[in-house]
Amino acid sequence: MAKTKPGKKDLDSYTIKGTNKVVRPGDCVLMRPSDSDKPPYVARVEKIEADHRNNVKVRVRWYYRPEESIGGRRQFHGAKELFLSDHYDVQSAHTIEGKCIVHSFKNYTKLENVGAEDYFCRFEYKAATGGFTPDRVAVYCKCEMPYNPDDLMVQCEGCKDWFHPSCMGMTIEEAKKLDHFLCSDCSSDDDAKRSLNAFPVSPSVEAKVETKRRKR
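Cut-offs applied
Residues numbered from 1 in each chain as written. Predicted model: local features only at pLDDT ≥ 70, side-chain atom pairs only at ≥ 80, totals over all residues. Heavy atoms only, no water. Helix = DSSP H or I, 4+ residues; strand = E, 2+ residues; numbered from the N terminus. Buried < 20%, exposed > 50% of the residue type's maximum accessible area, 1.4 Å probe, protein only. Contact = heavy atoms within 4.5 Å. Areas by Shrake-Rupley, 256 points an atom, 1.4 Å probe, with all protein chains shown as cover. Phe/Tyr/Trp six-rings, centres within 6.5 Å; stacked < 30°, edge-to-face > 60°. Lys NZ or Arg CZ within 6 Å of the ring centre and 35° of its normal. Salt bridge = Lys/Arg side-chain N within 4 Å of Asp/Glu carboxyl O. Pairing = 2+ DSSP bridges. 1 Å grid on protein atoms, 1.4 Å probe; cavity = no way out; pocket = protein on both sides within 12 Å on 5 of 7 lines; lining within 4 Å. Points joined across faces, edges and corners; volume = space filled by probe spheres on them. Nonpolar A, V, L, I, M, F, W, Y, C, P; charged D, E, K, R; others polar.

In terms of helices and strands, the protein carries three helices and 14 strands. Sorting the 216 residues of the protein into buried and exposed places 38% on the buried side. Of the contacts formed within the protein by residues at least 6 apart in sequence, a portion of 53% connects residues at least 24 apart. A total accessible area of about 12,800 Å² is found for the protein, and carbon and sulfur atoms account for 47% of it.

So, in structure tokens, the structure goes:
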């Protein structure tokens, strides 16, 4: 990265216009899109600098939404999922509308309440090629899809894998009432009935780590 040019100075922080919110390098921000019909862009601030006229610029690293990627949005992508791209840019600090938090996937699944400012990232994305890092993730259910934290899943007491109710021929309401669950591979013909009481669903990542995982 080029050194700061003469007449420019690095800043430790920038206060978003019209607010008392302070942005520092390393923070994630919402930036005003050129098309007002689109949601704000999300970026990580890498550097803040001002010129001799005190015009403040920010060097940012863009996050992409799934629909902005080459492959588009897929079934397992969460509503608040972002990809950290290798696309850097310099923007006027005046285009910053607010701050947000981009959590790790693990920390996002622990949130009791997801706010408007909460997002998560589990992939890095190469904007030119459409490639992802990591290129393999754990998959679940007979549909063999990665975990979407927005979707309810139930755990088989036999194989300990996790399943979408719809893939098992159940409604979400039925799944929430389950007391015990065996997937079709684990259940016997004589014990096909499932009792309907209260069964824990979509547990934390820690619990999922102990289950059977398959690599895609």
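Turning to the packing of aromatic side chains, a few remarks are in order. This structure, assessed with the given rule, holds eleven aromatic pairs. Aromatic side chains Phe 105 and Phe 120 sit 5.5 Å apart centroid to centroid with 50 degrees between the ring planes, which places their arrangement in the tilted category. Of the two residues, Phe 105 is situated in helix α1 (residues 105-110) and Phe 120 in strand β9 (residues 118-125); the sequence distance between them amounts to 15 residues. Accessibility assignment for this pair places Phe 105 and Phe 120 in one class, buried. Measuring from ring centre to ring centre gives 5.6 Å for Phe 123 and Phe 132, while their planes differ by 65 degrees; the resulting arrangement is edge-to-face. A relative accessible area of 6% places Phe 123 in the buried class. Through pairs of rings, three or more aromatic residues link up here, namely Tyr 64, Phe 83, Phe 123, Tyr 125 and Phe 132. Stacked on the ring of Tyr 119, the Lys or Arg Lys 80 has its end atom at 4.6 Å from the ring centre.

Scanning the entire structure with this criterion turns up eight salt bridges. Between Asp 27 and Lys 99 there is a salt bridge whose closest N-O contact spans 3.4 Å. Of this pair, Asp 27 sits in the loop between β3 (22-23) and β4 (28-31) while Lys 99 sits in strand β8 (residues 96-104), and the two are 72 residues apart along the sequence. Accessibility expressed as a relative area gives 30% for Lys 99, which makes it partly exposed. As a salt-bridge pair, Arg 73 and Glu 67 come within 3.0 Å of each other at their nearest N and O atoms. For Glu 67, a relative accessible area of 45% puts it in the partly exposed group.

Alternating residues of β4 divide into Cys 28 and Leu 30 and Val 29 and Met 31, and every residue in both groups is buried. Strand direction decides the pairing type here: β4 and strand β5 (residues 41-50), joined by four bridges, are antiparallel. Paired with Val 29 across the bridge in β5 is Ala 43.

Among the secondary structure elements, Lys 8 is positioned in the segment before β1 (9-10). Taking C-alpha positions, Lys 8 is 6.6 Å from Glu 49, a pair spaced 41 residues apart along the chain. In this view, Lys 8 contacts Glu 49, Ala 50 and Asp 51; residues no more than four positions away in its chain are not counted.

Right, let's talk about the layout of surface pockets for a bit. The space that makes up the largest pocket amounts to roughly 260 Å³. Around the largest pocket, the lining is made up of 14 residues, and of these Arg 74, Phe 76, Phe 123, Phe 132 and Asp 135 lie nearest the centre. Within the lining of the largest pocket, the residues separate by chemical class into six nonpolar, four polar and four charged.

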